[in-house]
Amino acid sequence: PSVYGQSNRTFYRDGKDVAVYNNDFYYQKIEEEILDRLGSNKNQRSVIVFFETKEKLYKFLAAYQKSKIPQWLKEEEHLNIMTEENTTKEKNAIVKRATLSGQITFAVREFGRGTDFVCRDQTVNSNGGVHVLQTFLSEEISEEVQIMGRTARQGDKGTYSLILLDTELEKFLISKKEIDERQLTGKLYS
């Protein structure tokens, strides 16, 4: 239990905790969610996107750089890349910058555990807090809970969502159809 009281984290989609797409739409939907969560004014919120591996992060980044997403979202001043290859100094700078207005941070799963993304930006907090997007299904529930916990920290507001690739669900022996059916009740997580 949190020493800060009840969590102020909400799922992004009311009643639909998880979105599953095929290869044709997966990257596009991640991009759309980034734009949507930043807000209509580019400096309202921040978004942290977690990828399963460095290879998947860079594969998405290559597509992202070629996409129709506004150019300002591709510029270094708004985009942070966090992998194990960053120096300690770079990691610390990214963690501080990641929760500022208009920031998009792409990180590998390792930074979803124990990395303290504290949001001190009142613009972000007043517009719903940091949004965390997980792009893979965790093999351990503890990892998912930790990644989810990178938002709505210390009593702040925040949102969380999962966008998954349908073919990656096979290793868990579940399908998009099963997830969609369970979400109809609005209680997939419980």
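Keep in mind that what you see is a predicted model, and the values were worked out from it rather than measured.

**Quick notes on the environment of Asn-92**
Then comes step 1: Residue placement: Asn-92 occurs in helix α3 (residues 88-97).
Then comes step 2: Residue classification places Asn-92 among the partly exposed positions, given a relative accessible area of 44%.
Then comes step 3: On a C-alpha basis, the gap between Asn-92 and Asp-116 in space is 9.9 Å, while along the polypeptide they are 24 residues apart.

**As for the pattern of salt bridges**
Then comes step 1: All chains considered together, the criterion is met by 12 salt bridges.
Then comes step 2: Among the ionic pairs, Lys-54 bridges to Glu-85, the shortest N-O distance being 2.7 Å. On the criterion of sequence distance, the pair formed by Lys-54 in helix α2 (residues 54-66) and Glu-85 in the loop between β4 (79-82) and α3 is long-range, its members being 31 residues apart.
Then comes step 3: Taken together, the shared-partner salt bridges connect Glu-52, Lys-56, Arg-109, Glu-139, Glu-143, Glu-168 and Lys-171 into one network.

**Here's the deal with the confidence of the model for the protein**
Do not read the fine detail of predicted coordinates wherever pLDDT is low.
Then comes step 1: Residues with a pLDDT of 70 or more make up 86% of the protein, whose mean pLDDT is 87.
Then comes step 2: Segment residues 1-5 is flagged for pLDDT under 50; beyond a separation of four residues in sequence, or across chains, it makes two contacts in the model.

**Structural notes on the pairing of β4**
Then comes step 1: Alignment of β4 against strand β5 (residues 104-108), held across four bridges, turns out to be parallel. Within the sheet, the bridge partner assigned to Met-82 lies in β5 and is Ala-107.
Then comes step 2: As for the winding sense of the linkage, the β-α-β connection from β4 through α3 to β5 is right-handed.

**What about unusual backbone geometry?**
Then comes step 1: For Leu-173, which is not glycine, the phi torsion reads 60° and is therefore positive.
Then comes step 2: Mapped onto the fold, Leu-173 is located in the loop between β7 (157-165) and α6 (176-183).
Then comes step 3: Of the residues examined, Leu-173 reaches a relative accessible area of 75% and is grouped as exposed.

**A few points about the packing of aromatic side chains**
Then comes step 1: For the coordinates displayed, the defined rule picks out eight aromatic pairs.
Then comes step 2: With centroids separated by 5.8 Å and ring planes inclined at 80°, the aromatic side chains of Phe-51 and Phe-106 adopt a geometry described as edge-to-face. In this pair, Phe-51 is assigned in strand β3 (residues 47-51) and Phe-106 in strand β5, connecting sequence segments 55 residues apart. Comparing Phe-51 with Phe-106, the two get one shared label, buried.
Then comes step 3: Judged by centre distance (5.3 Å) and plane angle (85°), the rings of Phe-60 and Phe-106 are edge-to-face. Of this pair, Phe-60 sits in helix α2 while Phe-106 sits in strand β5, and the two are 46 residues apart along the sequence.

**Some details on α2**
Then comes step 1: In this model α2 runs 19 Å from its N-terminal to its C-terminal C-alpha over 13 residues, within 8% of the 18 Å that 1.5 Å per residue would give.
Then comes step 2: Inspection of α2 places Leu-57, Phe-60, Leu-61 and Tyr-64 among the buried residues, and these make up the whole buried set. The buried residues of α2 occupy an angular sector of 105° when the element is viewed end-on, so they sit on one face. Projecting away from the buried face of α2 at angles above 90 degrees are the exposed residues Glu-55, Lys-59 and Lys-66.
Then comes step 3: Buried-residue contacts for α2 involve α1 (26-38), β3, β4 and β5.

**Some words on the environment of Val-20**
Then comes step 1: Structurally, Val-20 can be placed in strand β2 (residues 18-21).
Then comes step 2: Distance in space between the C-alpha atoms of Val-20 and Lys-177 is 9.3 Å, their sequence separation being 157 residues.
Then comes step 3: When neighbours within four sequence positions are excluded, Val-20 is seen to be in contact with Leu-164, Leu-165, Asp-166, Leu-169, Lys-176 and Ile-179.

**Side note on the packing of α1 against α2**
Packed helices, taken two at a time, are described by the angle between their axes plus the distance between the axes.
Then comes step 1: α2 packs onto α1 with a crossing angle of 70° between their chain directions and a minimal axis gap of 11 Å. In this view, α1 runs roughly perpendicular relative to α2, as classed from their interaxial angle. In this structure, α1 contributes Tyr-27, Ile-30, Glu-31 and Ile-34 to the contact, and α2 contributes Lys-59, Phe-60, Ala-63 and Tyr-64.
Then comes step 2: Considered class by class, the residues forming the contact of α1 with α2 number six nonpolar, no polar and two charged.

Conventions used here
Residues numbered from 1 in each chain as written. Predicted model: local features only at pLDDT ≥ 70, side-chain atom pairs only at ≥ 80, totals over all residues. Heavy atoms only, no water. Helix = DSSP H or I, 4+ residues; strand = E, 2+ residues; numbered from the N terminus. Buried < 20%, exposed > 50% of the residue type's maximum accessible area, 1.4 Å probe, protein only. Salt bridge = Lys/Arg side-chain N within 4 Å of Asp/Glu carboxyl O. pLDDT = per-residue confidence, 0-100. Contact = heavy atoms within 4.5 Å. Pairing = 2+ DSSP bridges. Right-handed = clockwise from strand over helix to strand, strands pointing away. Phe/Tyr/Trp six-rings, centres within 6.5 Å; stacked < 30°, edge-to-face > 60°. Expected span 1.5 Å × (residues − 1). Arc of directions from axis to C-beta. Axes fitted to C-alpha atoms, helices over the stretch in contact; angles between N-to-C directions. Parallel < 35°, antiparallel > 145°, perpendicular 65-115°, else oblique. Nonpolar A, V, L, I, M, F, W, Y, C, P; charged D, E, K, R; others polar.

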